[in-house]
2 protein chains.
Amino acid sequence: MQRSTIIVAGGSGTRLGGPVPKQFQKAKGRPLLMWTIEAFHRYDPLMRLIVVLPQTHFEIWRALCMGHRFFIEHQVVAGGEQRWHSVKAGLEKVQGDGLVAVHDGVRPLVSAELIGRCFDAADQHAAAVPVVPVVPSIRETTADGSRALDRSKLLAVQTPQCFHTDLLRRAFEQPYDPAFTDEAALVERLGVKVTLVEGEEDNIKITTAMDLKLAEQGLA
Amino acid sequence: MQRSTIIVAGGSGTRLGGPVPKQFQKAKGRPLLMWTIEAFHRYDPLMRLIVVLPQTHFEIWRALCMGHRFFIEHQVVAGGEQRWHSVKAGLEKVQGDGLVAVHDGVRPLVSAELIGRCFDAADQHAAAVPVVPVVPSIRETTADGSRALDRSKLLAVQTPQCFHTDLLRRAFEQPYDPAFTDEAALVERLGVKVTLVEGEEDNIKITTAMDLKLAEQGLA
């Protein structure tokens, strides 16, 4: 079964505050994105890896790979304005059938076990995403303010989100919608049920400077 | 204006894995709960502080306070089975009118600015809670699976949640509901609108061992 992973690293990373895009911020001596790529390569050395970056970051990424002697094979693809455009660009490079995962470039702590669980569930059920309980109370904004939601019914979605490749292609044939949240929601609009897989507490998305310090602890 | 804060530290902290309840786990040399208490004391040295702990933790807490020469005045109250019971027990010790905040014992990184914003908004509007954008995609479980929610409409609630004291008392006169999420939701059931205040990215709730490592970075 051919497995591909699209690693989305299109963000400019302004929330981290530094001039360096967040996927290039270093944890334990090397950019987050390298840790992320390595996690998938470790799970399956034959995994086809497609890394989506803004065109303007190609050069710095190449330089970083040279500097860090990072030789895991991966294809670099130019991303688009929003995540939707970036995933679509990555998906165009995925060849043939099989399974495809979409993963955040700034989720370097994903384990091989979790990657395996997601691919296996997608193999069986066509679409699978890892979820974890929602820790904070959640409110929904309404026309005249906001209201509390029932947290016990809510789940936070992580990546990798895994799919039959042809299913994800069909999902991305739908017209672009600015309300796009993630690939699972897109697939769902085709009437396909998304299978939920148990995610990992540690599989955090590095979006703040504090998260970055966290990542230092978990990487090895 | 009399200000009181109920600091809820009733959790057994099993998620952190250690034998020590999470509010007693140390960051920068002393228990999280001390940092949290100090944050409110710093904001207002006249703040009335009510700390809700399981009865079984009273002795260890007293020993910790002695050992760490922690002399900020606070009243210790026995908590109940669920957070609802614990907050209610704390609220019974709040005297007179004025404003009351409910804060998680394991949110030590709250700033004086945020505490001030919440009390000020509650003073003006009766009920105020800090919120931040929701980072992950959120799914809601349904009778036959789950569905994606529109993340752009969702907000994650932090603490301190601040109220006119008499309003929070009325909210807790309602019968106990196991679906209780937070104080804001409870007040809302009285038909009172909850005002949203801008929260802080760093004001995290320490629920995992990784969070604890994080807290080390932010405390000073």
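Bear in mind the structure is a predicted one, so any value in this text is a computation, not a measurement.

Trainee: I tried to follow the overall build of chain A on my own but got confused; where do I start?
Mentor: Broken down by element type, chain A carries seven helices and 12 strands. What you see for chain A is a C-alpha radius of gyration of 17 Å, in line with the 17 Å of a compact globule of 220 residues. Seen along its three principal axes, the alpha-carbon backbone of chain A occupies a region of about 50 × 40 × 30 Å. Expressed as a percentage of the 220 residues in chain A, the buried residues total 55%. Within chain A, residue pairs in contact and separated by at least 24 positions form 74% of the contacts whose partners lie at least 6 positions apart. If you sum the accessible surface of chain A, you get close to 9,700 Å²; carbon and sulfur atoms cover 50% of it.

Trainee: What is the right way to look at the pattern of salt bridges in this model?
Mentor: For side chains bearing opposite charge, pairing can occur when the charged atoms are close. Applying the stated rule across the entire model yields 18 salt bridges over all chains. With a shortest N-O distance of 2.8 Å, Glu38 of chain A and Arg30 of chain A are connected by a salt bridge. Judged by its relative accessible area of 19%, Glu38 of chain A falls in the buried class. Here Arg83 of chain B and Asp104 of chain B are joined by a salt bridge, their closest N and O atoms 2.6 Å apart. Of this pair, Arg83 of chain B sits in helix 3 (residues 83–91) while Asp104 of chain B sits in strand 6 (residues 99–104); the two residues are 21 residues apart in sequence, bridging distant segments of the chain. For Asp104 of chain B, a relative accessible area of 4% gives the class buried. Salt bridges sharing partners connect three or more residues here, namely Arg83, Asp104, Arg107 and Glu183 of chain A.

Trainee: Sorry if this is basic, but what is going on with the side chain of Thr181 of chain B here?
Mentor: Mapped onto the elements, Thr181 of chain B comes out in the loop between helix 5 (165–172) and helix 6 (183–188). On the accessibility criterion, Thr181 of chain B (11% relative accessible area) is buried. Residues within four places of Thr181 of chain B in sequence aside, it is in contact with Ser137, Leu149 and Arg151 of chain A.

Trainee: Please explain the packing of aromatic side chains as it appears in this structure.
Mentor: Aromatic ring pairs are reported here in terms of the distance separating the ring centres and the angle at which the planes meet. Applying the stated criterion to the full structure yields 12 aromatic pairs over all chains. Measuring from ring centre to ring centre gives 6.0 Å for Tyr43 of chain B and Phe119 of chain B, while their planes differ by 5 degrees; the resulting arrangement is stacked. Of this pair, Tyr43 of chain B sits in helix 1 (residues 32–43) while Phe119 of chain B sits in helix 4 (residues 112–125), and the two are 76 residues apart along the sequence. An aromatic cluster is built from Trp84, Phe172, Tyr176 and Phe180 of chain A, whose rings are joined through pairwise contacts. Positioned above the aromatic ring of Phe119 of chain A is the side chain of Arg3 of chain A, whose terminal nitrogen or guanidinium carbon lies 5.6 Å from the ring centre.

Trainee: Could you clarify how one ought to interpret the nonpolar core in this entry?
Mentor: Generally speaking, a soluble globular protein has its nonpolar side chains buried in company with each other. Residues and elements named next belong to chain B. Residues Leu33, Ile37, Phe40, Leu53 and Trp61 are the most contacted members of the largest nonpolar core, which totals 30 residues. Of all the elements, helix 4 adds the most residues to this core, at six residues. Each residue touching Leu53, except ones within four places of it in the same chain, is listed here: Ala9, Gln23, Phe24, Leu33, Phe58, Trp61, Val76, Val77, Ala78 and Gly79.

Trainee: Help me understand the interface of chain A and chain B, please; the structure alone is not making it clear to me.
Mentor: Often, the extent of an interface is quoted as the loss of accessible area upon association of its parts. At the junction of the two partners, chain A supplies 40 residues and chain B supplies 40 residues. Between chain A and chain B lies a buried interface of about 3,700 Å² when both sides are counted; carbon and sulfur atoms form 59% of it. One can count 14 residue pairs in polar contact (both at pLDDT 80 or more) joining chain A with chain B. At the level of elements, strand 8 (137–142), strand 9 (145–148), strand 10 (154–157), helix 6 (183–188) and helix 7 (209–218) of chain A are the ones that each hand at least two residues to the side of chain A that touches chain B. Per-class residue counts for the side of chain A that touches chain B are 18 nonpolar, eight polar and 14 charged. Relative to strand 10 (residues 154–157) of chain B, strand 8 of chain A is paired through four bridges, and the arrangement is antiparallel. Bridge assignment links Ser137 of chain A to a residue of strand 10 of chain B, and that residue is Val157 of chain B.

Trainee: Mind showing me how you'd approach helix 2 (residues 58–67) of chain A here?
Mentor: Because an α-helix packs 3.6 residues into every turn, residues spaced three or four apart end up facing the same way. Residues and elements named next belong to chain A. Along helix 2, the residues classified as buried are Trp61, Leu64 and Cys65. Projected down its long axis, helix 2 carries its buried residues within an arc of 100 degrees, all on one side. Exposed positions of helix 2 whose direction lies more than 90 degrees from the buried face are Glu59, Arg62, Met66 and Gly67. The inward-facing, buried residues of helix 2 contact strand 3 (30–31), helix 1 (32–43), strand 4 (48–53) and strand 5 (75–78). Taken from the residues just after helix 2, Arg69 is the one with a positive phi, measuring 50 degrees.

Trainee: How should I be thinking about unusual backbone geometry in this particular structure?
Mentor: Leave glycine aside and you will find that most residues have negative phi; peptide bonds, for their part, are mostly trans. A cis amide bond, omega 15 degrees, links Thr159 of chain A with the succeeding residue Pro160 of chain A. Located in the positive-phi region is Arg69 of chain B, a residue other than glycine, with phi close to 50 degrees. If you trace the backbone, Arg69 of chain B turns up in the loop between helix 2 (58–67) and strand 5 (75–78).

Trainee: Teacher, can you tell me more about the confidence of the model for chain A here?
Mentor: Residues shown with low pLDDT carry predicted positions that ought not to be read at fine detail. Taken as a whole, chain A shows an average pLDDT of 91; of its residues, 95% reach a score of 70 or greater. Per the prediction output, this complex has pTM 0.84; the corresponding ipTM is 0.87.

Trainee: How do you make sense of the pairing of strand 9 of chain A when you look at a structure like this?
Mentor: Regular strands have side chains that alternate between both faces of the sheet. Residues and elements named next belong to chain A. As paired strands, strand 8 and strand 9 are joined by four bridges and run antiparallel to one another. Note on strand 9: the bridge partner recorded for Thr142 is Gly145. Counting the residues in the hairpin turn of strand 8 and strand 9 gives two residues.

Trainee: Please clarify how the pairing of strand 4 of chain A should be interpreted in this entry.
Mentor: Residues and elements named next belong to chain A. Burial within strand 4 is extensive, with five of its six residues counted as buried. Summarising the sheet, strand 1 (residues 3–8) and strand 4 pair through five bridges and their orientation is parallel. In the strand pairing of strand 4, Ile7 is matched with Val51. The sheet contact formed by strand 4 and strand 5 spans four bridges and is parallel. Counted as the bridge partner of Ile50 is Gln75 from strand 5. Regarding topology, helix 2 serves as the crossover connection from strand 4 to the parallel strand 5, and that connection is right-handed.

Conventions adopted
- The written sequence of each chain sets the order in which its residues are numbered from 1.
- In the order they appear in the text, chains get letters beginning with A and ligands get numbers beginning with 1.
- Totals for whole chains, interfaces and linings use every residue, but because this is a predicted model, local features are given only for residues with pLDDT of at least 70 and side-chain atom pairs only at 80 or more, for both listing and counting.
- Calculation of side-chain values draws on the structure's entire complement of heavy atoms; hydrogens and water are dropped beforehand.
- Numbering of helices and strands starts at the N terminus; helices are DSSP runs of H or I of at least 4 residues and strands are runs of E of at least 2.
- For a compact globule the rule gives 2.2 Å times the number of residues to the power 0.38, and the radius of gyration it is set against comes from C-alpha atoms.
- Exposure is judged per residue with a 1.4 Å probe applied to protein chains only, and the accessible area is read against the type maximum: over 50% gives exposed, under 20% gives buried, and values in between give partly exposed.
- Two residues form a contact once any of their heavy atoms are found within 4.5 Å.
- Accessible surface is estimated by sampling points in the Shrake-Rupley manner with a 1.4 Å probe; for residues, cover comes only from the protein chains shown.
- Throughout this description, the term salt bridge denotes a Lys or Arg side-chain nitrogen within 4 Å of a carboxyl oxygen of Asp or Glu.
- Only the six-membered ring of Trp is used, alongside the rings of Phe and Tyr, when aromatic pairs are assigned; centres must lie within 6.5 Å, and planes under 30 degrees apart are stacked while those over 60 apart are edge-to-face, with the rest tilted.
- A ring has a charge above it when a Lys NZ or an Arg CZ is no more than 6 Å from the ring centre and no more than 35 degrees off the ring normal.
- Residues belong to a common nonpolar core when they are buried Ala, Val, Leu, Ile, Met, Phe, Trp, Tyr or Cys residues joined through side-chain atoms within 4.5 Å.
- Once two parts are joined, some of their accessible surface, as seen by a 1.4 Å probe, is lost; buried area is that loss totalled over both.
- What qualifies as a polar contact is a pair of N or O atoms within 3.5 Å, subject to a donor-acceptor requirement within protein and to the restriction that residues adjacent in sequence count only when both atoms come from side chains.
- Asp, Glu, Lys and Arg are counted as charged, while Ala, Val, Leu, Ile, Met, Phe, Trp, Tyr, Cys and Pro are counted as nonpolar; the rest, among them Gly, fall into the polar class.
- We treat two strands as partners when DSSP finds at least two bridges between them.
- Picture the helix axis, draw a direction to every C-beta atom, and the arc is the one those directions span.
- One confidence number per residue, pLDDT, is output by the predictor and ranges from 0 to 100.
- Handedness is read with the strands pointing away from the viewer; a crossover is right-handed when the path from the first strand over the helix to the second is clockwise.

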